[in-house]
Amino acid sequence: MLGRRGFGVALKQTETSVNIHQVLDIDELRGRLLQHSRRAYGLLPSLNKPQILDIGCGRGLQTIELANLGGGKVVGIDVDQAAIATLQQRIDNAGLSHRVKALHVSLFDNEFADGQFDLLWEEGVFHLLDTSRCLSECVRLLRPLGHLVMHETIEWLKQSKGTLWELGLELMNQHVLPRDFWWTEYGAPLEERIRAYRAARGDLADYPELAMYESQVDSIKRDPDRTACGIYVARRVA
């Protein structure tokens, strides 16, 4: 975690343009989730260099992790151009351009072939969109007996079980995160980093990105049960 001294160093280097994501070290916080992603991957049957699609990949921490876990080819897609640019930089830095691709496309607007992928992976995307439409496109993209891994809230899963079954997706396994994970591992430390940043910057700390992260903290703090979640493994059976 960045302390007060760490913020001071960052501010000297970014006097006119502050990268809030970097200053708050959001990647470190998001990286705490990777241990659970690895456990969820371990619930899958043995896959020989699978073709993987990472849906809503963001800045791509889990995309690179999936490439390391599976040993096959991975495509990360997101509608956020800046996030895709960051992922592309990660790919280049890791020397994985021969196996990992970053595309600025939507799940609903792509040129992927039917049954192109062995494994689809998504973390916190489907509950923001039309569930039925998301799952229908996943069925199209998955080969028969291919797998879909979803990191979603427990409440979302309860509401979506019927749709999964109707579309030919059978729940096979799950890894439920500690109920307070998103507060203890993300919300609380993020709140402390924001507090330290504002103390260091005073009135100069008014950035839209900072307000966005403060909103995330408030949402988790106000209703921590709403973020109780798991990583669910489904298989295409139809």
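Residues numbered from 1 in each chain as written. Predicted model: local features only at pLDDT ≥ 70, side-chain atom pairs only at ≥ 80, totals over all residues. Heavy atoms only, no water.

Even after reading the chapter, I still don't get helix 4 (residues 34-41), so can you show me in this structure?
Residues separated by three or four positions in an α-helix point in the same direction, a consequence of the helix having 3.6 residues per turn. Along helix 4, the positions that sit buried rather than exposed are Leu34, His36, Ser37, Ala40 and Tyr41. All buried residues of helix 4 fall inside an arc of 155° around its axis, so they share one side. Taken together, the buried residues of helix 4 touch helix 3 (26-31), helix 5 (61-70), strand 4 (117-123), strand 6 (169-176), helix 9 (181-201) and strand 7 (229-236). (Buried < 20%, exposed > 50% of the residue type's maximum accessible area, 1.4 Å probe, protein only. Helix = DSSP H or I, 4+ residues; strand = E, 2+ residues; numbered from the N terminus. Arc of directions from axis to C-beta. Contact = heavy atoms within 4.5 Å.)

Help me understand the pairing of strand 2 (residues 74-77), please; the structure alone is not making it clear to me.
Every regular strand shows the same layout, with side chains that alternate between the two sheet faces. The alternating pattern of strand 2 places Val74 and Gly76 and Val75 and Ile77 on opposite faces, both of which are buried. As paired elements, strand 1 (residues 52-55) and strand 2 share four bridges and run parallel to each other. The partner of Ile55 across the bridge, within strand 2, is Ile77. As a crossover connection, the stretch from strand 1 through helix 5 into strand 2 is right-handed. Relative to strand 3 (residues 100-103), strand 2 runs parallel, the two being bridged by four bridges. The partner of Val75 across the bridge, within strand 3, is Lys101. Note on the crossover from strand 2 through helix 6 (residues 81-94) to strand 3: the handedness is right-handed. (Pairing = 2+ DSSP bridges. Right-handed = clockwise from strand over helix to strand, strands pointing away.)

In this structure, what is going on with the side chain of Glu152? I would like to understand it.
Here Glu152 is to be found in strand 5 (residues 142-153). The charged side chain of Glu152 is buried without a salt bridge, its nearest counter-charge being Arg226 at 9.6 Å. At a separation of 2.9 Å, a polar atom in the side chain of Glu152 contacts the main-chain amide nitrogen of Phe126. Within the local environment of Glu152, its side chain forms a polar contact with the side chain of His127, the two groups lying 2.9 Å apart. Look past the residues within four positions of Glu152 in its chain and what remains in contact with it is Glu122, Gly124, Val125, Phe126, His127, Cys229, Gly230 and Tyr232. (Lys, Arg positive; Asp, Glu negative; His and termini not counted. Salt bridge = Lys/Arg side-chain N within 4 Å of Asp/Glu carboxyl O. Polar contact = N/O pair within 3.5 Å; in protein donor to acceptor, adjacent residues only side chain to side chain.)

What is the right way to look at the nonpolar core in this model?
Here is a general trend for soluble globular proteins: nonpolar side chains tend to be buried in one another's company. Within the largest apolar cluster, 41 residues are counted, with the highest numbers of intra-cluster contacts made by Leu24 and Leu190. It is helix 9 that provides the largest number of residues to this core, a total of six residues. Aside from chain neighbours lying at most four places away, what touches Leu190 is Leu24, Ile26, Leu29, Tyr213, Gln216 and Val217. (Core = buried A, V, L, I, M, F, W, Y, C linked by side-chain atoms within 4.5 Å.)

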